Amino acid sequence: MSPKSRTERVPVAMAEPSRGALWLRNFRLSGFALTVLLLIVAALVVLAPRFKTLVEQRQQIAQLEQEVANAQDRLDELDAEVARWSDPAYVEAQARDRLYYVFPGDTSYLVIDDAEDAATDDDQPISDTIQSTQVDWMDALLASVYTAGLTDATPEQLDSPTQIDSPDESGGSDESGDGDEG
């Protein structure tokens, strides 16, 4: 080859590199830059747990301040109640209402259960004798469990309490006395 042919090369069209690529190409990592980068990373590693602790402590302080404010409100309420109890008129009113105290010569009337009617729900008269019912609690419990487990009724329909007849009361078992009762 001739010397002329070496110098006569065909120029290749190169695209102009982007700005970021030029910056990265010209970026030189010196010892100083590497030291600063390592110091920044070390500072982050050392300070991150302390910053986390600082944030947690600030949250605890805020929570404790809220508890102190709640306790102060409760203390203010108790102070107001103590102030009410130091008033003789309030003490007198409480003694009359709670303990049913009256002054000598006063007449006191006490009405008990004035909202309820004296008759029972089934309009039977109230008797003076003690009555007991013969209810087998085990049958009632089992009937309640079966009803709750096997019913298609909604809870609103089951809300009203009704007495479920046990098999003995509904005629489903032998009540003639011939069975094994003991």
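Residues numbered from 1 in each chain as written. Predicted model: local features only at pLDDT ≥ 70, side-chain atom pairs only at ≥ 80, totals over all residues. Heavy atoms only, no water.

1. Concerning the overall build of the protein
Scanning the protein for helices and strands turns up six helices and zero strands. Moving toward the C terminus, one meets the helices and strands of the protein in the order α-α-α-α-α-α. Each of the 182 residues in the protein was classed as buried or not, and the buried ones make up 2%. (Helix = DSSP H or I, 4+ residues; strand = E, 2+ residues; numbered from the N terminus. Buried < 20%, exposed > 50% of the residue type's maximum accessible area, 1.4 Å probe, protein only.)

2. Side note on the pattern of salt bridges
Enumeration according to the criterion identifies four salt bridges in this entry. Of the charged contacts in the structure, one is a salt bridge between Glu56 and Lys52, with a shortest N-O distance of 4.0 Å. Taken as a pair, Glu56 and Lys52 lie in helix α3 (residues 31-85) at a separation of four residues, close to a single helical turn. With a relative accessible area of 39%, Glu56 lands in the partly exposed category. With a shortest N-O distance of 3.6 Å, Glu92 and Arg96 are connected by a salt bridge. Here Glu92 and its partner Arg96 are both found in helix α4 (residues 88-98), four residues apart, which amounts to about one turn of the helix. Of the residues examined, Glu92 reaches a relative accessible area of 37% and is grouped as partly exposed. Judged by relative accessible area, Arg96 falls into the partly exposed class, the value being 32%. Members of the salt-bridge network, linked through shared partners, are Glu92, Arg96 and Asp106. (Salt bridge = Lys/Arg side-chain N within 4 Å of Asp/Glu carboxyl O.)

3. Here's the deal with the packing of aromatic side chains
Here a ring pair, both rings aromatic, is described through the centre-centre distance and the interplanar angle of the planes. All told, the structure shown has one aromatic pair when counted by the stated rule. Measuring from centroid to centroid gives 5.1 Å for Trp85 and Tyr90, while their planes differ by 85°, and the two rings are edge-to-face. With a relative accessible area of 34%, Trp85 lands in the partly exposed category. Judged by its relative accessible area of 22%, Tyr90 is partly exposed. (Phe/Tyr/Trp six-rings, centres within 6.5 Å; stacked < 30°, edge-to-face > 60°.)

4. Digging into unusual backbone geometry
Despite not being glycine, Tyr100 shows a phi value in the positive range, around 60°. Mapped onto the elements, Tyr100 comes out in the loop between α4 and α5 (137-150).

5. Quick word on the side chain of Gln94
Topologically, Gln94 is positioned in helix α4. Given the relative accessible area of 14%, Gln94 is considered buried. Not counting the four nearest positions on each side in its chain, Gln94 is found in contact with Trp85 and Leu99. (Contact = heavy atoms within 4.5 Å.)

6. Overview of the environment of Ser86
Residue position: Ser86 is located in the loop between α3 and α4. Under the relative-accessibility criterion, Ser86 is labelled exposed at 54%.

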